[in-house]
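Listed below, chain by chain, are the residues.
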Amino acid sequence: MTQRSLDRLIRPQTIAVFGGREARRVIEQCDRMGFSGEIWPVHPTLESVLGRRCYRSVDELPAAPDAAFVGVNRLLTVDIVRALSARGAGGAVCYASGFSEAVAELSDGITLQEALVNAAGDMPIVGPNCYGVINGLDGALLWPDQHGMARVESGVAILTQSSNIAINLSMQKRGLPLAYLMTAGNQAQIGLSDLALAVLEDPRVTAIGLHIEGFGNVHALQKLAMRARELRKPVVALKVGKSEQAQRAAVSHTASLAGSDAVADAVLARLGIGRVATLPEMIETLKLLHVTGPLASDAISSMSCSGGEASLMADAATGRAVDFRALKPEQLPTLRQSLGEMVTLSNPLDYHTFVWGDLTRQTEAFIAMFEGGYALNLVVLDFPREDRCDGADWMTTVAAISAAAKHTGARAGILATLPENMPETIALSLIEDGIVPLCGISETIAAAEIASGIGAVWRAQPPLPLLDTALAEGEIETLDEATAKAELSAFGLTVPVGATTATPSEAAEQAQRLGFPVALKALGVEHKSETGAVALNLRDMEAVRSAAQRMAHVAAGYLVERMIERPVAELIVGAVRDPVLGLALTVGAGGILVELLEDSVILALPVTRTDVLDAISQLKVTKLIEGYRGGAKGNLDLVVDAVVSTAEYVVKHAARLEELDINPLMVLPESRGVVAADALIRRRR
């Protein structure tokens, strides 16, 4: 069933409230924030609530309400939602718990949630088990508790499944303007992505923050990302749950590398959704995006009047995709003239205290730094306590930064190393002036990295649509190695020259025809090395026959292959199905180094050749392919070809494939190619 628009629900002119204490609180919060529309309480016995007439039922209301807050018990919630839908209401927030989240305690939880969805029909419902929606732009609240928000003219929207986290975020004092705060609860009908898509269309919304406990509809998230890109409104996400992949036997090395969190990383990166690690990171990143939008590059500058702060800034960038790019030669004369001879000119820059309190010289210095072409220019400035200190000189520095930003048109931020050293009043005034007030060094560097990453994705071609996660039914089968290699060979992968045989004697004869040395493998065994089902570098028929006899108790047949020459590098290439996000591709250091080096990347599917090349370039093992310390080189183009061919196989068989593992993919010297030495495929029959 197609849902009606969420516009009336999130931007209502009329609100109906059902229930006792919680419903009264909704009215109180609307009054405090100056909601100008009508509020209609509904209660079976009360005559009025907070000066407003009480109605007895949905049918008695003056009209179909744009939005309703349903704060009654779980059984009555279903009846009221049914009546609201029949009346043509714009939507409802369902506050009650005791639905699908409570199946351990209430056996009818899932059934009742299904009944709620059926009762709603095409009327949007948020929840159940949630606090609801705060619209800080219009002062419209479907929210039964206190919060820390104030009316704003523009700002960011934050959406979460957790009502308590929403309350905590509303209390922040860091200057982040909150346009909308929404909780999705059980997402019985409307998910986080649906809510985000609705608020994204509001021209007063500048960016979106998502707190995701579990992915729902991944394609709804993809739709959100594409629309956000069209509207130039960035999205960031805090995805929790870095636990191991859903518990099951990991047959392949790929499965052990591609945990659900790593796949989530790849999906968010593909979509251009910035991933933050903490709530403070989310706040600082959203502040940066609200003021500046995505950054034009990863080049940033830093100025402080302390060498200690400069060192902290430099250290915080270690391992982050930000670049404290060196100063340009043309910047140096002006910096030297304004700062004096004793200052070491560098980035990050410690400008000492020689110009402290001097508006003219500080402005000259900041202009010189801001003219360096950096995507973001940071000035470290912790403000003094307002109750004990005089902050006049600090405000002089603020004035100099503002003047320099206006003169150059550069993006600037003032960074307090401690959040309590950025007073909220100052943070709000800085935003009004187009300067980002930032709190915490690590959080600021993370924000710059994320804003730069979103900008890079937006500048590139739009990504390919994500692979469909649907999976065919049927029992899982494991192909024997020979069959798996034959299927991969049909997609362009090179496999060793070999043949299958039924008996030890036939294996020895086949080895003679292939030419020694050979490798011998037992068919029908998944973990060959652990069960003695593989023998390498066999150099005569007797050695082959003897090895085959030792494997006879586990072998369903034999695969005899010509030995591959010594490679310059070994890779693993594979795919494993995430329970929610579907198949993703893994590329990394292979052979015995898989778990030892932990050198791998995950790619959302499908991929382009550029995606694969970029991914391989991130691997440490790539240095071996390029000829480490004068060693033999492999052919990187052929490596990319092999990975792309593997990805094409995965995409083609996505509806049936459970797991694919090529380990090792041997990279041979120079132009002699890339060979899949071992392969495992598990799929639905």
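Before reading on, note that the structure itself is shown above.
Residues numbered from 1 in each chain as written. Predicted model: local features only at pLDDT ≥ 70, side-chain atom pairs only at ≥ 80, totals over all residues. Heavy atoms only, no water.

**Student:** Talk me through the overall build of the protein chain; I want residue IDs and the actual numbers.
**Tutor:** Along the protein chain, the regular secondary structure elements total 23 helices and 30 strands. Dimensions along the principal axes, computed over C-alpha positions, put the protein chain at roughly 100 × 80 × 35 Å. Residue burial in the protein chain is summarised as follows: out of 685 residues, 56% are buried. For the protein chain, the proportion of contacts with a sequence separation of at least 24, taken over those separated by at least 6, is 72%. (Helix = DSSP H or I, 4+ residues; strand = E, 2+ residues; numbered from the N terminus. Buried < 20%, exposed > 50% of the residue type's maximum accessible area, 1.4 Å probe, protein only. Contact = heavy atoms within 4.5 Å.)

**Student:** Give me the sheet that holds strand E17 (residues 376-380): which residues, what numbers.
**Tutor:** Sheet architecture is open: five strands sit in the order E16-E15-E17-E18-E19, paired in parallel fashion. Edge positions in the open sheet fall to strand E16 (349-350) and strand E19 (436-439), since each of these has one partner strand only. Across four bridges, E17 lies against strand E18 (residues 412-416) in parallel orientation. Each bridged residue has a counterpart across the sheet, and for Val379 the counterpart in E18 is Ile414. The strands touched by helix H10 (residues 279-292) are E17 and E19; relative to E19, the strand with the most contacts, the crossing angle is about 170 degrees. (Pairing = 2+ DSSP bridges. Axes fitted to C-alpha atoms, helices over the stretch in contact; angles between N-to-C directions.)

**Student:** Give a detailed account of the pattern of salt bridges, specifying residues and quantitative values.
**Tutor:** Throughout the structure, instances matching the rule amount to 39 salt bridges. The partner of Arg227 in a salt bridge is Glu201, with the nearest N and O atoms 2.6 Å apart. Linking Arg227 in helix H7 (residues 218-231) with Glu201 in the loop between helix H6 (192-200) and strand E12 (205-212), this pair joins segments that are 26 residues apart in sequence. Between Arg683 and Glu487 there is a salt bridge, with the nearest N and O atoms lying 2.8 Å from each other. Taken together, the residues span a long stretch of sequence, with Arg683 in strand E30 (residues 679-684) and Glu487 in helix H17 (residues 481-489) at a distance of 196 residues. Neither Arg683 nor Glu487 differs from the other in exposure class; each is buried. One continuous salt-bridge network, built from bridges that share partners, spans Asp7, Arg11, Asp138, Asp202 and Arg204. (Salt bridge = Lys/Arg side-chain N within 4 Å of Asp/Glu carboxyl O.)

**Student:** Explain the packing of aromatic side chains to me, and be specific about the residues and the numbers.
**Tutor:** Summed over all chains, the structure comprises seven aromatic pairs. Relative to Trp394, the ring of Trp356 has its centre 5.2 Å away and its plane inclined at 85 degrees; by these criteria the two rings are edge-to-face. Here the residue Trp356 occupies a position in the loop between E16 and helix H13 (359-370), and Trp394 occupies one in helix H14 (residues 392-408), the gap between them amounting to 38 residues. Using a relative accessible area of 24% as the deciding quantity, one classes Trp356 as partly exposed. One aromatic cluster is present, formed by Phe69, Tyr95, Tyr131 and Trp143 through successive ring pairs. Directly above the aromatic system of Tyr374 lies the positively charged group of Arg325, at a separation of 4.3 Å from the ring centroid. (Phe/Tyr/Trp six-rings, centres within 6.5 Å; stacked < 30°, edge-to-face > 60°. Lys NZ or Arg CZ within 6 Å of the ring centre and 35° of its normal.)

**Student:** Run through the sheet that holds strand E23 (residues 534-538), naming residues and quoting values.
**Tutor:** The four strands lie next to each other as E21-E24-E22-E23, forming an open sheet whose pairing is antiparallel. The sheet is open, and its two borders are formed by strand E21 (498-501) and E23, each paired with just one other strand. Put simply, the sheet's adjacent strands are angled 15 degrees from each other on average, direction ignored. Judged from the four bridges that link them, E21 and strand E24 (residues 558-562) form a sheet pairing that is antiparallel. Among the inter-strand pairings, Ala499 is bridged to a residue of E24, identified as Val560. Along the sheet, H17 makes contact with E21, strand E22 (518-522) and E24, crossing E24 at roughly 50 degrees. Together, E22, E23 and E24 form the strand contacts of helix H19 (residues 541-551), whose direction differs from that of E22 by roughly 15 degrees.

**Student:** So what about the side chain of Gln29? Which residues, and what values?
**Tutor:** Inspection of the secondary structure assignment puts Gln29 in helix H2 (residues 21-32). One polar contact links Gln29 to His147, side chain to side chain, over a distance of 3.3 Å. With residues up to four places along the chain from it excluded, the contact list for Gln29 reads Leu141, Trp143, Asp145, Gln146 and His147. (Polar contact = N/O pair within 3.5 Å; in protein donor to acceptor, adjacent residues only side chain to side chain.)

**Student:** Before we move on, can you summarise the nonpolar core with the specific residues and values?
**Tutor:** By size, the foremost hydrophobic cluster in this structure holds 106 residues, and its most contacted members are Ile158, Leu159, Tyr180, Ile208 and Leu210. In this structure, Leu159 is in contact with Met182, Leu192, Leu195, Ala196, Ile208, Gly209, Leu210 and His211, ignoring residues within four places of it in sequence. One finds Leu488, Ala589, Leu660 and Ile662 within the second-largest nonpolar core, a separate group that totals 42 residues. (Core = buried A, V, L, I, M, F, W, Y, C linked by side-chain atoms within 4.5 Å.)

**Student:** Give a description of the environment of Ala63 that names residues and reports values.
**Tutor:** The topology assignment puts Ala63 in the loop between strand E4 (52-53) and strand E5 (67-71). With 13 residues separating them in the primary sequence, Ala63 and Leu76 have C-alpha atoms 21 Å apart. Ignoring sequence-local partners within four residues, the contact set of Ala63 consists of Trp40 and Arg87.

**Student:** Just give me the short version of helix H5 (residues 163-170), but keep the residues and values in it.
**Tutor:** The element H5 is largely enclosed, with a buried count of six among its eight residues. Those residues of H5 that fall on the buried side of the exposure criterion are Ser163, Ile165, Ala166, Ile167, Leu169 and Ser170. Next to the buried residues of H5 lie strand E10 (155-160), strand E11 (178-183), E12 and H10.

**Student:** Explain the packing of helix H21 (residues 609-617) against helix H23 (residues 636-652) to me, and be specific about the residues and the numbers.
**Tutor:** Two elements in contact, H21 and H23, have axes separated by 10 Å at closest approach and are oriented at 120 degrees. Taken together, the axes of H21 and H23 are oblique relative to one another. Considering how the two elements wind past one another, H21 and H23 form a crossing that is right-handed. In this structure, H21 contributes Arg609, Val612, Leu613 and Ile616 to the contact, and H23 contributes Leu636, Asp637, Val639, Val640, Asp641, Val643 and Val644. (Parallel < 35°, antiparallel > 145°, perpendicular 65-115°, else oblique. Left-handed = near helix turned anticlockwise from the far one by under 90°.)

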